[in-house]
Amino acid sequence: MDRNFLDQLRQQTSLRDLIGRYVQWDRKKSEEGRGILWACCPFHQEKSASFKVDVGRGQYYCFGCHKKGDAISFLQDRDGLGFVEAVRQLADMAGLAIPETDLPKGPDSRPLYRAMDVAQEFFVAQLKGSEGVQARSYLVRQRGLSPDDAKHFGIGFAPNSWDMLVGALEKSGVSMADAEAVGLVSKSDRGQGYYSRFRGRVMFPIHDARGRLVAFGGRLLEGEGAKYYNSTETAIFSKKKTLYNLHQARTQGRKDDPMIVVEGYMDCVALHKAGFGRVVAPMGTAMNEEHLQELWKYNSEPVVCLDGDKAGLNAADRLVAMALPLVRHDKTLQFITLPDGLDPDDYIKHQGRDAFSSLLSEAQPLAD
Ligand SMILES: [Zn+2]
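About the thresholds
- Residues numbered from 1 in each chain as written.
- Predicted model: local features only at pLDDT ≥ 70, side-chain atom pairs only at ≥ 80, totals over all residues.
- Heavy atoms only, no water.
- Buried < 20%, exposed > 50% of the residue type's maximum accessible area, 1.4 Å probe, protein only.
- Helix = DSSP H or I, 4+ residues; strand = E, 2+ residues; numbered from the N terminus.
- Contact = heavy atoms within 4.5 Å.
- Polar contact = N/O pair within 3.5 Å; in protein donor to acceptor, adjacent residues only side chain to side chain.
- Pairing = 2+ DSSP bridges.
- Axes fitted to C-alpha atoms, helices over the stretch in contact; angles between N-to-C directions.
- Donors = N, O, S within 2.8 Å, 3.2 Å for Na, K, Ca; no water.
- Tetrahedral: all angles 85-135°; square planar, octahedral: opposite > 155°, others 65-115°.
- Phe/Tyr/Trp six-rings, centres within 6.5 Å; stacked < 30°, edge-to-face > 60°.
- Salt bridge = Lys/Arg side-chain N within 4 Å of Asp/Glu carboxyl O.
- pLDDT = per-residue confidence, 0-100.
- Domains from an automatic or database assignment.
- Buried area = accessible area lost by both parts, 1.4 Å probe.

**Observations regarding helix α12 (residues 289-296)**
Inspection of α12 places His291, Leu292, Glu294, Leu295 and Trp296 among the buried residues, and these make up the whole buried set. Check the buried side of α12 and you find it contacts β11 (243-244), α10 (246-249), β12 (260-261), β13 (279-282) and α13 (310-323). Sitting at the head of α12, Asn288 places a side-chain oxygen 2.9 Å from the backbone nitrogen of Glu290.

Structural data, given as structure tokens:
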């Protein structure tokens, strides 16, 4: 990339603003006047500030874990971005245009994200409208969710219609090729039209760690079909890299509260409702190494919440075998086991939220 452009970008990016989104500055230790700021390190867990930012020079250094660099490397390390993606984000924030010649030749995924956003707007509007009566009643009566809970998770409804979503996408100028590429619609076998792949389902938007909408999970309301249906793998969605709710969980609660890993998005919603906001779930796959590395960016000791049944315990054995070689003093796991047959929602309904809290506080470390 063009050196002058990168220098300009670094100059126009304030590390005070950028890093300030992720840390709480230690006012006492910082020397505001000299542009020297201190905070607890966003890359490793600590109680006192050893992460130093030199605002004027645009550099940071951690005396604990020795991470260092500038605005670009900060985004690369913190959010796991590639160099170009980090530059793109900083340029957006600074209102600078990246020189044309520097843009990678790869496909532009912005129209794909736009297709997802238009669909999300449609699903949310449907949940609120006349088509959504039954879905609303399901969420409130059977799941005990308030409108605020539904809003927090962006829950929507895909009406039981083959073409309403198609119409809404077309009206907003989304091309059917893009909508198909993100798994929203499929080409009809008869004729030339497209049809919606999500019908009669309560819709859960799924975001990447940066908060971009990348997929949907649909829970069947009634009738025949798979109970849960998720977006297929697409250019913007990889199941094995995605943890449901991570983009929100990482900012919820206190930084030292453990991140809780549950089985599915319904469990996430249930725990959030009970006041445990730092909760994530894999997308219908077992936890893998990429999931763990992603979690460890935000929490050194996540708690995996297991089903007490045989399948749950087998899954735990596989997870332990996978995690053991990766574990370090500041990257480990804990486990809690729910009584046989209870999911987190049932457990809290029967035993109360305090009981779940004490389960958490007695979580078993991986070493045991
Ligand atoms: Zn550090």
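Moving on from the coordinates now.
**Focus on the side chain of Arg143**
Summarising the element assignment, Arg143 is placed in the loop between α6 (133-142) and α7 (147-153). If sequence neighbours within four positions are ignored, Arg143 has contacts with Tyr138, Arg219, Met266, Lys273 and Asp345.

**Section: unusual backbone geometry**
Although it is not a glycine, His66 adopts a positive phi angle of roughly 65°. Looking at the secondary structure, you find His66 in the loop between β3 (59-62) and β4 (68-69). Among the residues examined, His66 registers a relative accessible area of 48% and is labelled partly exposed. With phi around 75°, Asn245 is a residue other than glycine that occupies positive phi space. Following the sequence through the fold, Asn245 ends up in the loop between β11 and α10.

**Things to note about the sheet that holds strand β16 (residues 364-365)**
Within the open sheet, the 6 strands sit side by side as β11-β13-β12-β14-β15-β16. Their pairing is mixed. The open sheet has two edge strands with one neighbour each: β11 and β16. Pairing of β12 with strand β14 (residues 303-306) involves 2 bridges; the strand directions are parallel. The partner of Val261 across the bridge, within β14, is Val304. The strands touched by helix α11 (residues 265-273) are β11, β12 and β13; relative to β13, the strand with the most contacts, the crossing angle is about 175°.

**Here we look at the coordination of the zinc ion**
Here the zinc ion is held by the protein donor atoms Cys41 (SG), His44 (ND1), Cys62 (SG) and Cys65 (SG), which lie 2.0 to 2.3 Å from it. Geometry at the zinc ion is tetrahedral, judged from its 4 donor atoms and the angles of 101 to 117° they form at the metal. Counting the intervening residues between successive donors of the zinc ion yields the motif C-x2-H-x17-C-x2-C. One end of the pair, His44, is in the loop between β1 (36-39) and β2 (51-54); the other, Cys65, is in the loop between β3 and β4, and 21 residues separate them in sequence. According to the relative accessible area criterion, His44 is buried, its value standing at 16%. Residue Cys65 is classed as partly exposed on the basis of its relative accessible area, which comes to 30%.

**Thoughts on the packing of aromatic side chains**
Using the criterion set out here, one finds 19 aromatic pairs in the structure. Taking the centre distance of 5.1 Å and the plane angle of 90° together, the rings of Phe123 and Phe216 count as edge-to-face. Of this pair, Phe123 sits in helix α5 (residues 110-128) while Phe216 sits in strand β9 (residues 213-220), placing them 93 residues apart in sequence. In this pair, the class of Phe123 matches that of Phe216, namely buried. With centroids separated by 5.0 Å and ring planes inclined at 65°, the aromatic side chains of Phe276 and Phe356 adopt a geometry described as edge-to-face. A residue pair is termed long-range when its members are at least 10 positions apart, and Phe276 in the loop between α11 and β13 and Phe356 in helix α15 (residues 353-361) qualify at 80 residues.

**Here's the deal with the pattern of salt bridges**
For the coordinates displayed, the defined rule picks out 14 salt bridges. The residue Glu31 makes a salt bridge to Arg34 at a minimum N-O spacing of 2.8 Å. With relative accessibility at 34%, the residue Glu31 sits in the partly exposed group. With a shortest N-O distance of 3.0 Å, Asp108 and Arg110 are connected by a salt bridge. Classification of Arg110 as exposed rests on a relative accessible area of 55%.

**Overview of the confidence of the model for the protein chain**
Averaged over every residue, the pLDDT of the protein chain is 89; residues scoring 70 or more account for 98%. Within the protein chain, α13 has the poorest average pLDDT of any element, 84, and strand β5 (residues 156-158) the best, 98.

**Section: the domain arrangement of the protein chain**
A common way to report how large an interface is uses the accessible area buried once the components associate. Per the domain assignment, the segments making up the protein chain are domain 1 (3-102), domain 2 (110-237) and domain 3 (241-365). Taking only C-alpha atoms, the centre of domain 2 and the centre of domain 3 are 26 Å apart. Each side of the interface is counted separately: domain 2 has 21 residues, and domain 3 has 20 residues. Between domain 2 and domain 3, the buried area comes to about 1800 Å², and carbon and sulfur atoms account for 63% of it.

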